[in-house]
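Fold and contact review
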Amino acid sequence: MSVRAQAERLGFEIIGELRRCRGLEPSHLYRCFFDEGENTYILHRGILTIIAADGHVY
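Values in this document were obtained by computation on a predicted structure and should not be read as measured data.

What counts and what doesn't
- Residues numbered from 1 in each chain as written.
- Predicted model: local features only at pLDDT ≥ 70, side-chain atom pairs only at ≥ 80, totals over all residues.
- Heavy atoms only, no water.
- Buried < 20%, exposed > 50% of the residue type's maximum accessible area, 1.4 Å probe, protein only.
- Helix = DSSP H or I, 4+ residues; strand = E, 2+ residues; numbered from the N terminus.
- Core = buried A, V, L, I, M, F, W, Y, C linked by side-chain atoms within 4.5 Å.
- Contact = heavy atoms within 4.5 Å.
- Phe/Tyr/Trp six-rings, centres within 6.5 Å; stacked < 30°, edge-to-face > 60°.
- Disulfide = S-S within 2.5 Å.

Attention now goes to unusual backbone geometry. Positive phi, close to 65°, is recorded for Glu-38, a residue that is not glycine. Overall, the relative accessible area of 47% leaves Glu-38 in the partly exposed class. Even without being a glycine, Arg-45 presents a positive backbone phi close to 55°. On the secondary structure map, Arg-45 appears in the loop between strand S3 (40-44) and strand S4 (47-51).

We now examine the nonpolar core. Soluble globular proteins tend to pack their nonpolar side chains together in the buried interior. Membership of the largest hydrophobic core is limited to ten residues, which are Val-3, Ala-7, Phe-12, Ile-14, Phe-33, Tyr-41, Leu-43, Leu-48, Ile-50 and Ala-52. For this core, the secondary-structure elements that each account for two or more residues are helix H1 (3-9), S3 and S4. Those residues within four positions of Leu-43 in sequence are excluded, and the remaining contacts are Val-3, Gln-6, Leu-29, Tyr-30, Arg-31 and Leu-48.

Throughout the structure, instances matching the rule amount to two aromatic pairs. Pairing Phe-12 with Tyr-41 gives two aromatic rings, centres 6.1 Å apart and planes at 75°, and the pair type is edge-to-face. Taken together, the residues span a long stretch of sequence, with Phe-12 in the loop between H1 and strand S1 (19-20) and Tyr-41 in strand S3 at a distance of 29 residues. Ring geometry for Phe-12 versus Tyr-58: centroids 5.0 Å apart, planes at 55°, classification tilted. Of this pair, Phe-12 sits in the loop between H1 and S1 while Tyr-58 is found in the segment after S4, placing the two residues 46 residues apart along the sequence.

As a further point, take the state of the cysteines. This structure, assessed with the given rule, holds zero disulfides. No disulfide involves Cys-21; its nearest neighbouring cysteine sulfur is the one of Cys-32, lying 6.8 Å away. The exposure class assigned to Cys-32 is buried, which follows from its relative accessible area of 4%.

That is the geometry; function is a separate question.
Shown next as structure tokens:
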């Protein structure tokens, strides 16, 4: 399932386009992204964690 689809299931809206941040990925099992609202999306083994710009974790 895509980052966008998982975020929607969590009730979180991605702001603008996602851009990948390979520098924050500790291994090939992680994918890290930022959106235009400075929210962070971490995909680890297919499971999405969102760290909102205000610090809340989803």
